[in-house]
Amino acid sequence: MLNGWLAGLAVLALTLSPAGPGKATAQQLYDQGTAALLAERPEQARAWYARACAAGHVTGCYDLGVFAENGTGGATDEAAARGHYDTACTGGEMMACSNLAMMLEDGRGGSVEAPRARTLYELACEQGRMEACSNLAAMLNEGKGGPADAERAMALNDRACTAGNTTACSNLAGGWENDSTDPQQLARARAIYRALCDGGDTNGCLRLGYMLEEPQGGPADHGAALRLFERSCAAGLGAGCNAAGVSHAKGKAGPVDDIQARVYYELACERGRPAGCGNWGALLENGRGGAEDKPAARQLYERACAAGWAKSCSNLADMMLLGEGGPVMIAAARQHLRPACADNLPAACLKLGTLLADGRGGPKDEAEARALFRKACDLKLAVACDFANGNMRPPGP
């Protein structure tokens, strides 16, 4: 049946060739493009779609936009793609409206136009384009292109997820996992992650592992959680490697295994997880799971701290104050304690306050020191309360 149809289109191609006497309709031009595409001649397909679009074929304009955006059958041209999508969207092609909205939101092929992108997502979503509903939900969550509306964003993700959009499912489950205390919503989030994981979504496996470990949405299962972490690590997710390392280091799914923890923390660090670098450094600093290596630990703390892992900034400052794994560096330690304290690590606030009170590593500042002691006290570090109240003077580090 298909071969006969293609043969018919081949005959039509002779009639419609530039030298031929026939005048093609827009639909005929579009059919020629489809025939060329099925025959794996993308350059010809692109040319036919261009003619079909010029003749007013809306889907031809949409397909031409896809070809231009992706560089199919010729050069990539995002500005042209944006124009073709605009033409097709104006003609009522909702996939084109959705694609145009993505380009407007990201500023591809022209300037960023977030309000218009949001309007187009709204239009396409109303007409049943679930990817547009999911993208609109993301803009509503962020307040991008208009006011934020988290409640409506969740409703849109729910609708799109029910229709089978996996991105919406992931966002819906993530919203419930992070913000809900409703047992039914958490149970559904766990079920969504399980379905995503079973479908090959590695991040779904990771999130399901977190919910099994917490536990959220059902009973705890640390063994299953560890298997999911290891699975996501094997698939390349650094967060999964770090979670597996934590499970082994804390003995959550069985006996403590610092050797395996080192393996997984190293993988996490190599895959860009600052927490993995910091956790690996802690094992090296204390000789857990292998030989002690304080210089290597200090380097790992520096790496993790530079990437924003506040706990490693505090650990690095400790090593600099004590001269472990390298020289004493009080001024640098003082600087590294600041982000750690800003991240509400009370011991870091106390240590920084001590340095400021004594004028070590920089100017003396008793007023700021008292404020830091108060913060540490408010963060439930009892010893800092005496310093904050002036009952004791902190000892030098």
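Residues numbered from 1 in each chain as written. Predicted model: local features only at pLDDT ≥ 70, side-chain atom pairs only at ≥ 80, totals over all residues. Heavy atoms only, no water.

Student: For the overall build of the chain, give the residues involved together with the corresponding values.
Tutor: Per the secondary structure count, the chain includes 22 helices and zero strands. Here the chain has a C-alpha radius of gyration of 30 Å; the compact-globule value for 397 residues is 21 Å, and the former is much larger. Here the C-alpha coordinates of the chain stretch approximately 100 × 45 × 45 Å along the principal axes. The long-range share in the chain, meaning contacts at least 24 apart out of those at least 6 apart in sequence, stands at 43%. About 18700 Å² of surface is accessible on the chain, with carbon and sulfur atoms providing 53% of the total. Side-chain charges in the chain split into 38 positive and 45 negative, and the spacing between the mean points of these groups amounts to 4 Å. (Helix = DSSP H or I, 4+ residues; strand = E, 2+ residues; numbered from the N terminus. Rg over C-alpha atoms; globule rule 2.2 N^0.38 Å. Contact = heavy atoms within 4.5 Å. Areas by Shrake-Rupley, 256 points an atom, 1.4 Å probe, with all protein chains shown as cover. Lys, Arg positive; Asp, Glu negative; His and termini not counted. Charge placed at Lys NZ, Arg CZ, Asp CG, Glu CD.)

Student: Give a description of the packing of aromatic side chains that names residues and reports values.
Tutor: By the definition in use, this model includes five aromatic pairs. Aromatic rings pair up to connect Tyr30, Tyr49 and Phe67 into one cluster. (Phe/Tyr/Trp six-rings, centres within 6.5 Å; stacked < 30°, edge-to-face > 60°.)

Student: Explain unusual backbone geometry residue by residue, including any values.
Tutor: In this chain, Glu214 is followed by Pro215 through a cis amide linkage whose omega measures 0°. Positionally, Pro215 belongs in the loop between helix H12 (202-213) and helix H13 (222-234). Of note, Glu40 is a non-glycine position whose phi angle comes to about 60°, a positive value.

Student: Hey, could you go over the confidence of the model for the chain for me, with residue numbers and the actual values?
Tutor: Here the chain averages 93 in pLDDT, while 92% of its residues score no lower than 70. A low-confidence stretch, residues 1-22 stays under pLDDT 50, and its non-local contacts, those more than four residues away or across chains, total 19 contacts. (pLDDT = per-residue confidence, 0-100.)

Student: Please provide a residue-by-residue account of the nonpolar core, values included.
Tutor: Counting residues in each nonpolar core, the largest one holds 69 residues, and the members touching the most others are Tyr85, Leu120, Leu156 and Ile192. In contact with Leu156, other than residues within four places in its own chain, are Cys125, Cys133, Leu136, Ala137 and Leu140. Core analysis: the next-biggest nonpolar cluster, separate from the first, contains 28 residues, Leu321, Ala333, Cys341 and Cys385 among them. (Core = buried A, V, L, I, M, F, W, Y, C linked by side-chain atoms within 4.5 Å. Buried < 20%, exposed > 50% of the residue type's maximum accessible area, 1.4 Å probe, protein only.)

Student: Hey, could you go over the pattern of salt bridges for me, with residue numbers and the actual values?
Tutor: Between side chains of opposite charge, pairing is possible as soon as their charged atoms come close. This structure, assessed with the given rule, holds 16 salt bridges. Ionic pairing is found between Arg152 and Glu122, a salt bridge with its closest N-O pair at 2.4 Å. In this pair, Arg152 is assigned in helix H9 (residues 150-162) and Glu122 in helix H7 (residues 114-126), connecting sequence segments 30 residues apart. Taking the shortest distance from any N to any O, the salt bridge between Lys364 and Glu366 comes out at 3.5 Å. Via salt bridges that share partners, Glu69, Glu78, Asp106 and Arg108 belong to a single interconnected network. (Salt bridge = Lys/Arg side-chain N within 4 Å of Asp/Glu carboxyl O.)

Student: Before we move on, can you summarise the packing of helix H18 (residues 310-322) against helix H19 (residues 330-342) with the specific residues and values?
Tutor: Direction vectors running N to C along H18 and H19 enclose 160°, while the axes themselves pass 8 Å from each other. As the angle between them shows, H18 and H19 are arranged roughly antiparallel. Viewed along their axes, H18 and H19 form a crossing whose handedness is left-handed. Along the contact surface, H18 presents Ala310, Cys313, Ser314, Leu316, Ala317, Met320 and Leu321, while H19 presents Ile330, Ala332, Ala333, His336, Leu337, Pro339 and Ala340. In terms of residue class, the contact of H18 with H19 is made up of twelve nonpolar, two polar and no charged. (Axes fitted to C-alpha atoms, helices over the stretch in contact; angles between N-to-C directions. Parallel < 35°, antiparallel > 145°, perpendicular 65-115°, else oblique. Left-handed = near helix turned anticlockwise from the far one by under 90°. Nonpolar A, V, L, I, M, F, W, Y, C, P; charged D, E, K, R; others polar.)

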